[in-house]
Amino acid sequence: MDCSTIPIIPFSTIFSDSPSEQFIDAMCSFGFVIITEVDPEIVAHARELKKAARTFFNSPPSQKLAYNFGPYGNDRGGYTPMNVESVSGTGRDYVESYVFTDTLEFSHHESQLSASAKTYFNDMETVIKQLNRLTARGVGKEDDFFNDFFWNDVPGGNGNSLRLSFYPGKTPTSGLRYGPHTDYQTFTVLCLDQMDHQLGFGGLEVLVDDTWVPVENSPEGTSLIVNSGDLLPIWTNGLFKSVLHRVSNPTSAEGWNYDRITIPFFSGPSHTTVVKPVVQPGETTNHSPIGAENHLRMKLNLSNQ
């Protein structure tokens, strides 16, 4: 089994006015989809941001720690050093990160990262709005049903965040680079590292039918990976899946020496949102309502233990 198991949909199809069955089916069956042939502007913005991120993460520790504003998941975002997170609760994750929590307040962030991050943040919000429209159609709602829960003018008031994840080359070890987990909120849009699963470099894997399936970027580096997080199975009344995924270790010397960089964009509704199942005619309610912020804080606290 390989990454061809995960459904593939062209970017132009996602942004067309055609019915959303292909996307809905992917979220129902796998909780993941590979979006190919992404808008060249978005691809260029991602490459620019990765370049700036590589420069930042290779700077001295004291310089990076100047942008540590608190525990991972704090409202101001910023830098989190190595071996702080434990996303699966089974050991410290070998990853550094830098987080931007929203586009309304970037002035406290590292200046070289901020310009590129703000541009890419805006790109991702455009993508998220379209994914929300497709989801609304899939549950029989008006196009802006989900979007109306997401955006307000309060800095830090929604759950959207952009993360730069840096997995430096290291000595071979049995511990995973990032443990098995589900994402916490609604959609995640991930820009993979170009070398994932190339030449024994390891990378993103998704659990499909009890098998860890590798997920790769396109040869041209023009793909994005979309998956649904924990809130969407509740909001869609069990229609969507939130599935386990992880970052596997390299299997080659070249892979162990490589510094992996990915850019996940995590979307979530305004913190005051109570997520209630959308129950369609003939269905029973399969989930209880949940506070979006309470769920997010609970998951972040577990990751920081």
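Asks: I keep staring at the pattern of salt bridges and nothing clicks. Help me out?
Replies: Proximity of charged atoms lets side chains of opposite charge pair with each other. Enumeration over the complete set of coordinates arrives at 9 salt bridges. For the salt bridge of glutamate 96 with lysine 64, the shortest nitrogen-to-oxygen distance reads 2.9 Å. Note that glutamate 96 is positioned in strand S4 (residues 96–100) and lysine 64 in helix H4 (residues 61–65), a separation of 32 residues in sequence. For glutamate 96, a relative accessible area of 8% puts it in the buried group. Overall, the relative accessible area of 6% leaves lysine 64 in the buried class. A network of salt bridges, in which partner residues are shared, links Asp75, Glu293 and Arg297.

Asks: Mind showing me how you'd approach the pairing of strand S8 (residues 204–208) here?
Replies: For a regular strand, side chains alternate in direction, first toward one face of the sheet and then toward the other. In terms of residue burial, S8 counts as a mostly covered element, since 4 of its 5 residues are buried. Pairing geometry for S8 and strand S11 (residues 245–247), over 3 bridges, is antiparallel. Looking at S11, one finds that valine 206 is bridged to histidine 245. Relative to strand S9 (residues 211–214), S8 is paired through 4 bridges, and the arrangement is antiparallel.

Asks: What is the right way to read the sheet that holds strand S1 (residues 8–10) from this model?
Replies: Where strands meet in a sheet, backbone hydrogen bonds hold them as pairs that are either parallel or antiparallel. Overall, mixed pairing links the 8 strands, which are arranged S1-S2-S10-S7-S12-S5-S4-S3 in an open sheet. Both edges of this open sheet fall to S1 and strand S3 (78–80), since each of them pairs with a single strand only. On average, adjacent strands in this sheet sit at an angle of 25° to one another, irrespective of strand direction. As paired strands, strand S7 (residues 187–191) and strand S12 (residues 260–266) are joined by 4 bridges and run antiparallel to one another. If you follow threonine 188 over to S12, its bridge partner there is phenylalanine 266. The sheet contacts of helix H2 (residues 21–29) involve S1, strand S2 (32–36), S7 and strand S10 (224–228), and relative to S2 the element is tilted by about 140°.

Asks: Is there a simple way to think about the side chain of threonine 222 in this case?
Replies: Following the sequence through the fold, threonine 222 ends up in the loop between S9 and S10. Excluding residues within four positions of it along the chain, threonine 222 makes contact with Ile35, Thr36, Glu37, Val38, Val43 and Asn217.

Asks: Help me understand the layout of surface pockets in this model?
Replies: Rolled over the atoms, a probe sized like a water molecule indicates the empty space that remains. By volume, the largest pocket is sized at about 190 Å³. Considering the residues around the largest pocket, the lining is formed by 18 residues, among which Arg47, Lys50, Cys191, Asn217 and Gly221 are closest to the centre. Sort the elements by how many residues they give to the lining of the largest pocket and helix H3 (residues 40–57) lands first, with 6 residues. Partitioning the lining of the largest pocket into residue classes produces 9 nonpolar, 4 polar and 5 charged.

What counts and what doesn't
Residues numbered from 1 in each chain as written. Predicted model: local features only at pLDDT ≥ 70, side-chain atom pairs only at ≥ 80, totals over all residues. Heavy atoms only, no water. Salt bridge = Lys/Arg side-chain N within 4 Å of Asp/Glu carboxyl O. Helix = DSSP H or I, 4+ residues; strand = E, 2+ residues; numbered from the N terminus. Buried < 20%, exposed > 50% of the residue type's maximum accessible area, 1.4 Å probe, protein only. Pairing = 2+ DSSP bridges. Axes fitted to C-alpha atoms, helices over the stretch in contact; angles between N-to-C directions. Contact = heavy atoms within 4.5 Å. 1 Å grid on protein atoms, 1.4 Å probe; cavity = no way out; pocket = protein on both sides within 12 Å on 5 of 7 lines; lining within 4 Å. Points joined across faces, edges and corners; volume = space filled by probe spheres on them. Nonpolar A, V, L, I, M, F, W, Y, C, P; charged D, E, K, R; others polar.

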